[in-house]
Amino acid sequence: MPTRRTFMLGAAGAGATLAAGPVTAQEGTDLTDWFADTDGAGSVTDRTGSDTVTVTVGADANGGAFGYGPPVVRIDPGATIRWEWTGGGGSHNVIASDGSFESSMQGEQGATFEHTFESAGVTRYYCTPHKAVGMRGAVVTGDANVSLPGSSTATPTPSANETDTGEQDAPDARSFDGWLANTDNYTGVVDKRGSEEVTVTVGAEGNGGQLAFDPPAIHVSPGTTIRWVWDGPNQYDVVDPELGYESATTSAAGYEYAVEFGGDGLSTYECEEYGDQGMRGVVVVGNGPQQSLSWQGVGVAGAVGTLLSVPLALAVRLHHKTSTRSGKSHGPKK
């Protein structure tokens, strides 16, 4: 069986789109207009199997801290959603369109509000002062079928260990075969498809200190560049040994390392020093893991123009910057 983290290029993968699970044949709920102006609402984050699910209020979206994270989540009947305020974007609330729940207006970091969803169905909600800019959400309870912007039928983001039949070969697909099982700031896959460049903070708060990547799991389109930016006080690196990319190990604030991902696939990376403590990340690209492969090299931009013989389709760009934001570009770490 080929590696799940090798990327496939070209039209060969067009018919191998992954499904995250069967969708019940029933009349669906069309949420395309509801989420027309909401960032990151192109897929459903699957949180079935959890009794309590946390959704952030004041997530970075819609031109500021004006989002729910994740905006669309699927849960089991009887599960509870706990909304937790980040403190960003001013005061927000959580109010159901059908009037079934309403929080008070909150602006303090750490404030929470809970509601239990007993019956299957789809519940829309929003923030009163920021609804117009796209601060909207939806809870999909049970196996309800929904349509979202950019897709006719939306299912959860493909997980690392799911095949094109929707079958799972590990007990917890949402942890990517256990890769993110100990990553305490992982609450779901952040949908950044359509973005040309996505920034990940290295040394964010989490895992018992500034020992996290933020966000830890991202879904992007082929051709997207992920830019890791150092922020914490410790020595960090970004390493995916199977795909063959590796940053320098440094504590320099402002250091940047970037990788442009092509094709469809999955990268699971970590900080070598703190990976066992939960400092790990995932990049899902395009349709996710495929069972067919195309072998390509990796081009290194900058001072080094070599072509490495490794099984992936990535263009790696390494940028080293000192704390004063100056410096030179270097080739990949040997």
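The rules behind each value
Residues numbered from 1 in each chain as written. Predicted model: local features only at pLDDT ≥ 70, side-chain atom pairs only at ≥ 80, totals over all residues. Heavy atoms only, no water. Helix = DSSP H or I, 4+ residues; strand = E, 2+ residues; numbered from the N terminus. Buried < 20%, exposed > 50% of the residue type's maximum accessible area, 1.4 Å probe, protein only. Contact = heavy atoms within 4.5 Å. Core = buried A, V, L, I, M, F, W, Y, C linked by side-chain atoms within 4.5 Å. Pairing = 2+ DSSP bridges. Phe/Tyr/Trp six-rings, centres within 6.5 Å; stacked < 30°, edge-to-face > 60°. pLDDT = per-residue confidence, 0-100. Salt bridge = Lys/Arg side-chain N within 4 Å of Asp/Glu carboxyl O. Polar contact = N/O pair within 3.5 Å; in protein donor to acceptor, adjacent residues only side chain to side chain.

Each helix and strand in the protein chain was counted, giving 0 helices and 25 strands. Across the 334 residues of the protein chain, 50% fall into the buried class. When contacts within the protein chain are restricted to residue pairs at least 6 apart in sequence, long-range pairs at least 24 apart make up 68% of them.

Counting residues in each nonpolar core, the largest one holds 25 residues, and the members touching the most others are Phe213, Trp228, Val238 and Tyr245. Secondary structure elements with two or more residues in this core: strand E14 (197-206), strand E15 (209-214), strand E16 (217-220), strand E17 (225-230), strand E20 (256-261) and strand E22 (280-285). The contacts of Trp228, once residues within four sequence positions are left out, are Val200, Val202, Phe213, Val238, Tyr245, Tyr255, Glu256, Tyr257, Val259, Phe261 and Tyr269. Membership of the second largest hydrophobic core comes to 20 residues, among which are Val57, Val73, Phe113 and Met135.

Attention now moves to the sheet that holds strand E10 (residues 136-141). Adjacent strands of a sheet pair through backbone hydrogen bonds, lying either parallel or antiparallel. Read across the sheet, 5 strands follow the order E2-E5-E10-E9-E7 without closing on themselves; strand pairing throughout is mixed. Edge strands, defined here as strands with exactly one partner in the open sheet, are strand E2 (45-46) and strand E7 (95-96). With 2 bridges connecting them, E7 and strand E9 (residues 121-126) associate as antiparallel partners. The partner of Ala96 across the bridge, within E9, is Tyr125.

The next thing to look at is unusual backbone geometry. The omega torsion across Gly69 and Pro70 is -5 degrees, close enough to zero to call that bond cis. Mapping Pro70 onto the fold places it in the loop between strand E4 (64-69) and strand E5 (72-75). Put simply, Asp214 and Pro215 share a cis peptide bond, and its omega is 0 degrees. Relative to the helices and strands, Pro215 is located in the loop between E15 and E16. Even without being a glycine, Asn62 presents a positive backbone phi close to 60 degrees.

With that out of the way, let us pick up the pairing of E20. Across the 6 residues of E20, 5 count as buried, placing the element largely inside the fold. Two strands pair when backbone bridges link them, and E17 and E20 are joined in this way by 5 bridges, in the antiparallel orientation. Following the sheet pairing, Arg227 is matched in E20 by Ala258.

Within the fold, Thr141 resides in strand E10. Thr141 gets classed as buried once you look at its relative accessible area, which sits at 1%. Excluding residues within four positions of it along the chain, Thr141 makes contact with Ile75, Asp76, Pro77, Phe117, Ser119, Ala120 and Gly121.

To describe a pair of aromatic rings, one takes the distance between the centres and the angle between the planes. Overall, the coordinates contain 17 aromatic pairs when judged by the stated rule. Measuring from centroid to centroid gives 5.7 Å for Phe101 and Phe117, while their planes differ by 80 degrees, and the two rings are edge-to-face. Here Phe117 lies in strand E8 (residues 112-117) and Phe101 lies in the loop between E7 and E8, a separation of 16 residues in the sequence. With a relative accessible area of 4%, Phe101 lands in the buried category. Since its relative accessible area comes to 5%, Phe117 is described here as buried. Where Phe213 meets Tyr269, the ring centres are 4.9 Å apart and the plane angle is 70 degrees; that geometry is what we call edge-to-face.

Per-chain confidence: the protein chain averages 74 in pLDDT, with 70% of residues scoring 70 or above. Under a pLDDT of 50 for its full length, residues 1-26 has, in the predicted model, 70 contacts with residues more than four places off or in other chains. Within the model, the stretch residues 290-334 combines pLDDT values under 50 with 105 contacts to residues more than four positions away or in other chains.

When their charged atoms lie close together, side chains carrying opposite charge are able to pair. The final tally for this structure, using the stated rule, is 6 salt bridges. For the salt bridge of Glu197 with Arg227, the shortest nitrogen-to-oxygen distance reads 3.1 Å. Highlighted residues: Glu197 in strand E14 and Arg227 in strand E17, separated in sequence by 30 residues. Exposure remark for Glu197: the relative accessible area of 43% places this residue in the partly exposed category. For Arg227, a relative accessible area of 13% corresponds to the buried category. Note that Arg280 and Glu270 form a salt bridge whose closest N and O atoms lie 3.3 Å from each other. Placement of the pair is Arg280 in strand E22 and Glu270 in strand E21 (residues 265-270), with a sequence separation of 10 residues. Under the relative-accessibility criterion, Glu270 is labelled buried at 18%.

Okay, the side chain of Thr48 next. Looking at where Thr48 falls in the secondary structure, it is placed in the loop between E2 and strand E3 (52-61). At 2.7 Å, the side chain of Thr48 forms a polar contact with the side chain of Asp46.

One can find Asn185 in the loop between strand E12 (151-154) and strand E13 (190-191). Residues Asn185 and Ala212, spaced 27 residues apart in sequence, show a C-alpha to C-alpha distance of 7.3 Å. Those residues in contact with Asn185, other than ones at most four positions away along the chain, are Asn207, Ala212, Phe213, Asp214 and Pro216.

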